[in-house]
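Understanding the architecture of this molecule
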Amino acid sequence: MALVRKEIRICMGSSCFSRGNRHTLQLVQKYLKDHHLERDVVLKGSHCFDQCSNGPILKIDSRVYENVNRDHIIEILEEELGDL
Ligand code: FES
């Protein structure tokens, strides 16, 4: 069984979802697929993290990313997942 090496949790609360995580989710899914990382990275939707004012929120392991948007999500993924 493959070892999961990273966990991405993306906030699907209504604030984050409507402010961009809806699109970010699709971009993350596509990135994982294109880079054959679906076995190494678990992607989970999450309820509101109670940090809406800093949202959209995305967490990778224990690191919290605020104000995530489609312009820099790929940069974040490359930095976090580039050496997997
Ligand atoms: S909806 Fe995402 S932190 Fe509240």
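Above this text you will find the structure in question.
Not measured: the values here are computed from a predicted model. Chains are numbered independently. Their residues run from 1 in the order of the written sequence. Predicted model: local features are reported for residues with pLDDT of at least 70 only, side-chain atom pairs are reported and counted for 80 or more only, and whole-chain, interface and lining totals are derived from all residues.

Regarding the pairing of strand S2 (residues 41-46)
Applied cut-off: Any two strands are treated as partners once DSSP identifies two or more bridges connecting them. By definition, any uninterrupted DSSP run of H or I lasting at least four residues is a helix, any uninterrupted run of E lasting at least two residues is a strand, and each is numbered from the N terminus. Assignment of crossover handedness uses the view with strands pointing away from the viewer, where a clockwise path from the first strand over the helix to the second indicates a right-handed crossover.
Sheet analysis places strand S1 (residues 6-11) next to S2, joined by 6 bridges and oriented parallel. Its bridge partner lying in S2, Cys 11 is registered against Ser 46. For the segment spanning S1, helix H1 (residues 14-34) and S2, crossover handedness is right-handed.

A word on the packing of H1 against helix H2 (residues 73-81)
Note the cut-off: Only the stretch in contact is used when a helix axis is fitted, and all axes are lines through C-alpha atoms; the angle between N-to-C directions ranges over 0 to 180 degrees. The scheme is simple: roughly parallel for angles under 35 degrees, roughly antiparallel for over 145, roughly perpendicular for 65 to 115, oblique for anything else. Handedness of a crossing is defined here by the sense of rotation of the near helix relative to the far one, left-handed for an anticlockwise turn of less than a right angle and right-handed for a clockwise turn. Two residues qualify as a contact pair if the distance between their C-beta atoms, derived from the backbone, is within 7 Å.
Where H1 meets H2, the closest approach of the two axes is 10 Å, and the angle between their N-to-C directions is 40°. With respect to H2, the axis of H1 lies oblique. Read as a crossing pair, H1 and H2 show a hand that is right-handed. Contacts between H1 and H2 involve Thr 24, Leu 27, Val 28 and Tyr 31 from the former and Ile 73, Ile 74 and Leu 77 from the latter.

Let's talk about the sheet that holds S2
Pairing within the open sheet is mixed, and its 4 strands lie in the order S2-S1-S3-S4. At either margin of the open sheet sits one strand with a lone partner, and together these are S2 and strand S4 (63-65). The mean angle between the axes of side-by-side strands here comes to 20°, regardless of whether they run parallel or antiparallel. The strands touched by H1 are S1, S2 and strand S3 (58-60); relative to S1, the strand with the most contacts, the crossing angle is about 150°.

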